[in-house]
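Summary of the model geometry
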Amino acid sequence: MSANIPFAIIPSANPISAQERADRIAAPGFGKVFTDHMVTIRYVEGQGWHDAKVHARQPLVLDPATAVLHYAQEIFEGLKAYRLEDGAMALFRPEANAQRFNASARRMAMAELPEELFIGSCRQLVQIDRDWFPDVEGGSIYLRPFMIASEAFLGVKPSSEYLYMVIASAAGGYFKSGAPAVSLWVSQDYSRAAPGGTGAAKCGGNYASSLIAQAEAMKLGHDQVVFLDAAENRWIEELGGMNLFFVFEDGSIQTPPLSGTILPGITRESLLTIARDEGLTVREERYAIDQWEADAKSGRIVESFACGTAAVVTPIGKVSSPSGSFTVGAGGPGQVTQRLKEKLVSIQRGAAADPHNWVMRLD
Ligand SMILES: *Cc1c(COP(=O)(O)O)cnc(C)c1O
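Residues numbered from 1 in each chain as written. Predicted model: local features only at pLDDT ≥ 70, side-chain atom pairs only at ≥ 80, totals over all residues. Heavy atoms only, no water.

If you check the shell around the ligand, you find 15 residues, and the closest are K202, Y207, E238, T267 and T309. A distance of 2.8 Å is found between an oxygen atom of the ligand and a side-chain nitrogen or oxygen belonging to R100. Protein coverage of the free-state accessible area of the ligand, which is 380 Å², stands at 97%. (Near = heavy atom within 4 Å. Polar contact = N/O pair within 3.5 Å; in protein donor to acceptor, adjacent residues only side chain to side chain. Areas by Shrake-Rupley, 256 points an atom, 1.4 Å probe, with all protein chains shown as cover.)

Okay, structure coming up:
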């Protein structure tokens, strides 16, 4: 399978005006202000990847029998393009996203995309939509590569055709009003992932099945759901779209291990590496929900935070379940959380040394 397929670049004939663009990116929020262009690449069994192009963002035309609409054979990624302190544009660890995309593709019996095509498509889109970087604190362009089963066929089997796309949106902060800490609801009735399931794949189906729990949390006044393991309903796994970390009184940090039911977050892995570089004691070990409560109450746990590309690092304040609630530490951002976040953001912005070569400059 050759990765050296040509990329056609067809600039939009009707880009959004500079004035309108400036208005839209002044306070972009997350996931709603889209840029002018998109990438599409097609795959057909026997023919491979072809027809790669960057073109005007436009609606899709799909046959109603398109496989993804029936059997949810779909995967996605999420990564950000940043402006470095010196003004250059950069991606953060895009090869890690490319590798995870293919791990997700294998689990969902989909065609793998050569890593160079994944990275090249992100690069092309950022280049052509470079005027969409919001000039706000923490501003970035959020890239959403994704792939759908595009064969029109109702038989139950892996699709023989795929459509890979990348769209981009201007991004400010993820949580409204840049909340200092989020409150969590411990889901009692719903699991996110089970052994042998798709928990480690970044597929839309995982999100579809988690939305009822998220809706329940929001209805009860909480920000996010924390999911426990499906077998014992006891071991803390992750949030609907973010991994979790615990900071202990002795300065050590802990996160649940990648057991197959947890999404291997790139932010999670980056923070583990930064923490080890800083000489912190780091554990990837199971942690039970009742232990979290006991440790928060006794003071053995002093901070907890969630992490992911979209929201970066988010402190956890309060944790609730039908049996009651508890507060972690002082209920706001803690020192270790803040330090790890600042280190990660500094590397992403080109303001700190990058010993692991995570930052890929685009110009
Ligand atoms: C994407 C995602 C994460 C975070 O991964 P990052 O690579 O850090 O953005 C965590 N959990 C779930 C379920 C996810 O889909």
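Here the structure, examined in full by the defined rule, presents 13 aromatic pairs. Seen in terms of ring centroids, F101 and F118 are 5.5 Å apart; in terms of plane orientation they differ by 45°. Their pairing is tilted. Taken together, the residues F101 in helix α3 (residues 94-107) and F118 in helix α4 (residues 115-128) connect sequence positions 17 residues apart. Of the two residues, F101 and F118, both sit in the buried class. A ring pair is formed by F118 and Y164, whose centres lie 6.3 Å apart and whose planes are at 45°; its orientation type is tilted. Placement of the pair is F118 in helix α4 and Y164 in strand β9 (residues 161-171), with a sequence separation of 46 residues. Taking the relative accessible area as the measure of exposure, Y164 reaches 0% and is therefore buried. (Phe/Tyr/Trp six-rings, centres within 6.5 Å; stacked < 30°, edge-to-face > 60°. Helix = DSSP H or I, 4+ residues; strand = E, 2+ residues; numbered from the N terminus. Buried < 20%, exposed > 50% of the residue type's maximum accessible area, 1.4 Å probe, protein only.)

Okay, the side chain of R93 next. Positionally, R93 belongs in the loop between β7 (89-92) and α3. Sequence-distant contacts of R93, defined by excluding residues within four places in its chain, comprise I266, E269, S270 and W358. (Contact = heavy atoms within 4.5 Å.)

Turning our attention to the nonpolar core. Core analysis: the largest hydrophobic core is formed by 49 residues, its most contacted members being W49, F118 and L143. Among the elements that take part in this core, β9 stands out by supplying eight residues, more than any other. Among the nonpolar cores identified, the runner-up in size contains 22 residues, and V182, W292, A306 and A311 belong to it. (Core = buried A, V, L, I, M, F, W, Y, C linked by side-chain atoms within 4.5 Å.)

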